[in-house]
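Survey of secondary and tertiary structure
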Amino acid sequence: MPRPRKRLAGAAGLDKKGPAGKHVKTKNTESSSPQKIPASKNCEKNTGSYWLMKSEPESRLEKGVDVKFGIEDLKAQPKQTACWDGVRNYQARNFLRAMKVDEEAFFYHSNCKEPGIAGLMKIVKEAYPDHTQFEKTNPHYDPSSKEDNPKWSMVDVQFVRMMKRFIPLAELKTHHQAHKATGGPLKNMALFTRQRLSVQPLTQEEFDFILSLEEK
DNA sequence: GCCAACGTTGGC
DNA sequence: GCCAACGTTGGC
């Protein structure tokens, strides 16, 4: 996305930085399907999908603007809430549009010294137009997007908690490789099979397995 | 800083 | 519509 990059925007009107855009900008075709995530089908609580969203925790200038936005930055926002702007990839955008309030997402640190999952957040506002696409000085400005038909969306996310311990990418990769060989929950994890996708879905099994790693 | 992966652009 | 060139993502 953009790489994460993102910046600013406060959620709900505050203006601070939001999570940044996380990665991806790109435009693919609108045809990427909005995805279908297995939804559970009942009406209990939390039957929705799980997500993983990437953002860069270390400073990096993009068009002169620092796109840093790590989990500590989210935690520091008013109400520990921020908008996730800057996504400029159609497939990632479609996942943003599929998110429902209260669904949980891992906050993944990318393009940094130690990449991996830093914590948990939840969706507190469903997709709405990403205002940064219309701001000429924003690193993710998209001159092809029109106000009356915005191309890009964002959601608001709220910090839930840090992982009990940071889960490094290298560790996830080790499990992914073992699971590919002998079967296991991370066998098809998007982090490895859809390498550059900054917003991605996780199955219940993937989510639960990753949470179980906290105890090791 | 290098570079592999992969999405986008644009000539034809 | 093909595909080479190019730009971005993001690990290492």
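The structure displayed is predicted, hence computed values, not measured ones.

**Some words on the sheet that holds strand S5 (residues 104-109)**
- The strand order S4-S7-S6-S5-S1-S8 describes an open sheet built from six strands, whose pairing is mixed. The two strands at the open ends of the sheet, each matched to only one other strand, are strand S4 (81-83) and strand S8 (199-202). Between one strand and the next, the sheet's axes are offset by a mean angle of 35°, whatever the strand orientation.
- Here strand S1 (residues 50-55) runs beside S5; their pairing, made up of six bridges, is parallel. What sits directly across from leucine 52, in S5, is phenylalanine 106.

**Here's the deal with the side chain of glutamate 103**
- Looking at the secondary structure, you find glutamate 103 in the loop between helix H2 (90-98) and S5.
- An unpaired buried charge is present at glutamate 103: no salt bridge exists, and lysine 100, the closest side chain of opposite charge, is 7.2 Å distant.
- Apart from the residues within four sequence positions on either side, glutamate 103 is in contact with Gly48, Ser49, Trp51, Ala98, Met121, Lys122 and Ile123.

**Overview of helix H3 (residues 169-182)**
- The terminal C-alpha atoms of H3, which comprises 14 residues, lie 20 Å apart, in line with the 20 Å expected from a rise of 1.5 Å per residue.
- All buried positions along H3 are accounted for by Leu172, His175, His176 and His179. Taken down its axis, H3 places every buried residue within 105° of arc, on the same side. Exposed residues pointing more than 90 degrees away from the buried face of H3 are listed as Ala170, Ala181 and Thr182.
- Looking at the buried side of H3, the elements it contacts are strand S6 (116-129), strand S7 (153-168), helix H4 (190-193) and helix H5 (204-213).
- Glycine 183 sits one or two positions beyond H3 and adopts a positive phi of about 90°.

**A few points about the confidence of the model for chain A**
- Looking at chain A, pLDDT values average 84 and 78% of them are 70 or higher.
- Low pLDDT (under 50) marks residues 1-18, which in the prediction has 98 contacts with non-local residues, meaning those over four places away or in another chain.

**Concerning the packing of aromatic side chains**
- Following the criterion strictly, the structure yields seven aromatic pairs and no others.
- Look at phenylalanine 69 and phenylalanine 107: their rings are 6.4 Å apart centre to centre, the planes differ by 25°, and that puts the pair in the stacked class. You can see phenylalanine 69 sitting in the loop between strand S3 (65-66) and helix H1 (71-75) and its partner phenylalanine 107 sitting in strand S5, a full 38 residues away along the chain. Of the two residues examined, phenylalanine 69 and phenylalanine 107, each falls in the buried class.
- Ring geometry for tryptophan 84 against phenylalanine 107: centres 5.4 Å apart, planes inclined by 80°, an arrangement best described as edge-to-face. Taken together, the residues tryptophan 84 in the loop between S4 and H2 and phenylalanine 107 in strand S5 connect sequence positions 23 residues apart.
- Since its relative accessible area comes to 0%, phenylalanine 107 is described here as buried.
- One aromatic cluster is present, formed by Tyr50, Phe106 and Phe207 through successive ring pairs.

Basis of the calculations
- Residues numbered from 1 in each chain as written.
- Chains lettered and ligands numbered in written order.
- Predicted model: local features only at pLDDT ≥ 70, side-chain atom pairs only at ≥ 80, totals over all residues.
- Heavy atoms only, no water.
- Pairing = 2+ DSSP bridges.
- Helix = DSSP H or I, 4+ residues; strand = E, 2+ residues; numbered from the N terminus.
- Axes fitted to C-alpha atoms, helices over the stretch in contact; angles between N-to-C directions.
- Buried < 20%, exposed > 50% of the residue type's maximum accessible area, 1.4 Å probe, protein only.
- Lys, Arg positive; Asp, Glu negative; His and termini not counted.
- Salt bridge = Lys/Arg side-chain N within 4 Å of Asp/Glu carboxyl O.
- Contact = heavy atoms within 4.5 Å.
- Expected span 1.5 Å × (residues − 1).
- Arc of directions from axis to C-beta.
- pLDDT = per-residue confidence, 0-100.
- Phe/Tyr/Trp six-rings, centres within 6.5 Å; stacked < 30°, edge-to-face > 60°.

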